[in-house]
Amino acid sequence: MNISHIDTDDPWSVTEKDLRKEIRSLREAGESAAVATVMAVEGSAYRRPGAKMLISADQRNYGAVTAGCLEDMVLDIGHDVIETNEPRIEVFDLMENNNEAWGLGLGCNGVIELFVEPLDASWDYPLATVADNDPVTVLTVIDSEGSLPRGSRTVITDNAQRNVKTRRKIPSALIESVDDKIASVHSTNQTYVAQLDETRVLIDGLIPTDDLLIFGGQRDITPVTQLANQVGFRTHVHSGRGAIDESSIPIADSVTTGHPTEIATHVNTDETTYVIVMSHNLLDDKLAVETLLRETEVPHIGIMGPNERFEELRESLMKDGLQLTAADLDRISAPVGLDLGGGEPVEIALSIVSEALAVSNDRTGGQLCEQAGYIHSRIGQKGNSE
């Protein structure tokens, strides 16, 4: 599939899930492309380290590394990288006193460092691994005064190291010297640049896409599924009653119909699966919740309905011998959603998905204006990436 055939009218809205899928498609098709990655930020910038943009040979982009202010320049750089087949480092200093140099009058007040590289076979293994729900850490040499070429790459998994197809492997001694940095980013979605004497290494943590498992079959699951996809969740719908399939909800990544007690079979990885129970049938909801509590460790079970309904569900569980512990109640959110005040179907869906997103990011969903310090957690960054 050629990237130029994709609807790229709004490339900034592309999620990491979409971007990874498109990179794999381009590799399978043998298409030429470049990948730009934000390596580091000093001061303020819209995207944080690890953000990526895919650039086609005809200079179209999928995804973004800024809010659009540097897009044309990054596209030109990507095209040059494709032509030369050589990776590059680019630094954009958008501090207020340097804005005139760009002629853009920008107000980001940050320094953004990008690594732009050809899309090649070294991407195949890490993306296949993370698609199989295993985290990986990608180590890439971005600068070296020694003999290591820029672009040398090694991939770290939970149990092993793998030297992927690239210009040259990274020596084990160098990898061992950044073990503490690797431990910091592995199994997280963070990126860090390590300076080791004459060599700079980009340590990029790639984690599997989080899952949102929706239990229900009524029409209100559609806006929930749609918004969940838009924010980057991998969505699965399981209906306990009635025949629905992927044609009924084409925006879902997968759809199944079966008994409510089968819901646990659709949990890919407990710690990265978030569940919304919204069948509007009290018995089905009870069976689904009971199964999730007994058979899984999913961290978030959002239950649609008012407090009175949840109390009725809880009493029914107690009659069946399931006493909800404090740990169980910590996993349950009933009524589901953040308090946004809206009552339209899409507003309700936004409330539900926002809460799941906050939980997945270990946040509570409060207002940013009331938060002190950094908006996003970071490892070893020079300044605040907003």
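Residues numbered from 1 in each chain as written. Predicted model: local features only at pLDDT ≥ 70, side-chain atom pairs only at ≥ 80, totals over all residues. Heavy atoms only, no water.

Q: Describe the overall build of the protein chain, and please don't skip the residues or the numbers.
A: Looking only at helices and strands, one finds 11 helices and 16 strands in the protein chain. Counting all 386 residues of the protein chain, 49% fall into the buried class. Total accessible area on the protein chain is roughly 18300 Å²; 45% of this is exposed by carbon and sulfur atoms. (Helix = DSSP H or I, 4+ residues; strand = E, 2+ residues; numbered from the N terminus. Buried < 20%, exposed > 50% of the residue type's maximum accessible area, 1.4 Å probe, protein only. Areas by Shrake-Rupley, 256 points an atom, 1.4 Å probe, with all protein chains shown as cover.)

Q: Lay out helix α2 (residues 71-84) in plain terms, naming residues and giving numbers.
A: Count 3.6 residues to each turn of an α-helix, and residues three or four apart come out pointing the same way. Here α2 contains 14 residues, and its C-alpha end-to-end distance of 20 Å stays within 8% of the 20 Å for a straight helix at 1.5 Å per residue. Turning to α2, its buried residues number three or more, namely Val74, Leu75, Ile77, Gly78, Val81 and Ile82. Looking straight down α2, one finds that the buried residues subtend no more than 165° of arc, so they occupy a single side. Of the exposed residues in α2, those oriented more than 90 degrees away from the buried face are Asp72 and Glu83. Buried residues in α2 make contact with β1 (33-43), β2 (52-56), β3 (61-63), β4 (88-93) and β5 (110-118). Directly after α2, the chain includes asparagine 85, whose backbone phi takes a positive value near 60°. (Expected span 1.5 Å × (residues − 1). Arc of directions from axis to C-beta. Contact = heavy atoms within 4.5 Å.)

Q: Can you tell me about the nonpolar core, naming the residues and giving the values?
A: Nonpolar side chains in soluble globular proteins tend to end up buried together. Within the largest apolar cluster, 21 residues are counted, with the highest numbers of intra-cluster contacts made by Leu212, Ile214, Val224, Phe233, Val237, Ile249 and Met278. Secondary structure elements with two or more residues in this core: β11 (211-215), α7 (221-230), β14 (273-277) and α11 (345-360). The contact partners of valine 224, leaving out residues within four places of it in the chain, are Leu212, Ile214, Met278, Ala349, Ile352 and Val353. Grouped together as the second largest cluster of nonpolar side chains are 20 residues, Ala34, Ala36, Leu75 and Ile77 included. (Core = buried A, V, L, I, M, F, W, Y, C linked by side-chain atoms within 4.5 Å.)

Q: So what about the pattern of salt bridges? Which residues, and what values?
A: Tallied over the full model, the rule gives 15 salt bridges. Glutamate 290 serves as the salt-bridge partner of arginine 294, at 3.2 Å between the closest nitrogen and oxygen. Here arginine 294 and its partner glutamate 290 are both found in helix α8 (residues 282-295), 4 residues apart, which amounts to about one turn of the helix. It is possible to trace a salt-bridge network through shared partners that takes in Asp80, Arg88 and Glu90. (Salt bridge = Lys/Arg side-chain N within 4 Å of Asp/Glu carboxyl O.)

Q: Go over the sheet that holds strand β15 (residues 300-303) with me, naming the residues and quoting the values.
A: Taking strand neighbours across the sheet as the criterion, the 6 strands line up as β13-β12-β11-β14-β15-β16 in an open arrangement whose pairing is parallel. Because the sheet does not close on itself, it has two edges, and the strands there are β13 (254-257) and β16 (332-333). Strand direction decides the pairing type here: β11 and strand β12 (residues 234-239), joined by 5 bridges, are parallel. Bridge pairing in β12 places phenylalanine 215 opposite histidine 238. (Pairing = 2+ DSSP bridges.)

Q: Pulling in residues and values, what's your account of the sheet that holds β5?
A: Spatial strand order, β3-β2-β1-β5-β4: 5 strands in an open sheet with antiparallel pairing. Either end of the sheet is taken by a strand with one partner, and the two such strands are β3 and β4. This sheet shows a mean twist of 25° between the axes of neighbouring strands, independent of strand direction. Sheet topology note: the β4/β5 ladder contains 6 bridges and is antiparallel. Within β5, the residue paired with arginine 88 across the bridge is valine 116. (Axes fitted to C-alpha atoms, helices over the stretch in contact; angles between N-to-C directions.)

Q: Describe a negative patch on the surface, naming the residues involved and giving the relevant values.
A: A grouping of Glu308, Glu311, Glu312 and Glu315 is seen on the molecular surface, where their side chains present a negatively charged patch. Note that glutamate 315 resides in helix α9 (residues 307-319). Accessibility expressed as a relative area gives 47% for glutamate 315, which makes it partly exposed. (Patch = residues over 30% accessible without salt bridge, like charges linked within 9 Å, V, L, I, M, F, W, Y side chains within 5 Å. Lys, Arg positive; Asp, Glu negative; His and termini not counted. Charge placed at Lys NZ, Arg CZ, Asp CG, Glu CD.)

Q: Please provide a residue-by-residue account of the side chain of threonine 37, values included.
A: Checked against the element boundaries, threonine 37 lands in strand β1. In this structure threonine 37 comes out as buried when scored by relative accessible area, which is 2%. Excluding its chain neighbours within four sequence positions, the residues that come into contact with threonine 37 are Gly50, Ala51, Lys52, Glu113, Leu114, Phe115, Leu202 and Asp204.

Q: Any chance you could break down the pairing of β14 for me, citing the residues and the numbers?
A: Of all 5 residues making up β14, 5 are buried, and the element is well covered by its neighbours. Of the two faces of β14, the one lined by Thr273, Val275 and Val277 and the one lined by Tyr274 and Ile276 are each fully buried. One ladder, built from 5 bridges, connects β11 with β14; its direction is parallel. The residue of β14 that forms the bridge with isoleucine 214 is isoleucine 276. In the sheet, β14 pairs with β15 via 4 bridges, with the strands oriented parallel. Its bridge partner being in β15, isoleucine 276 is matched across the sheet by glycine 302. Traced from β14 through α8 to β15, the parallel crossover comes out right-handed. (Right-handed = clockwise from strand over helix to strand, strands pointing away.)

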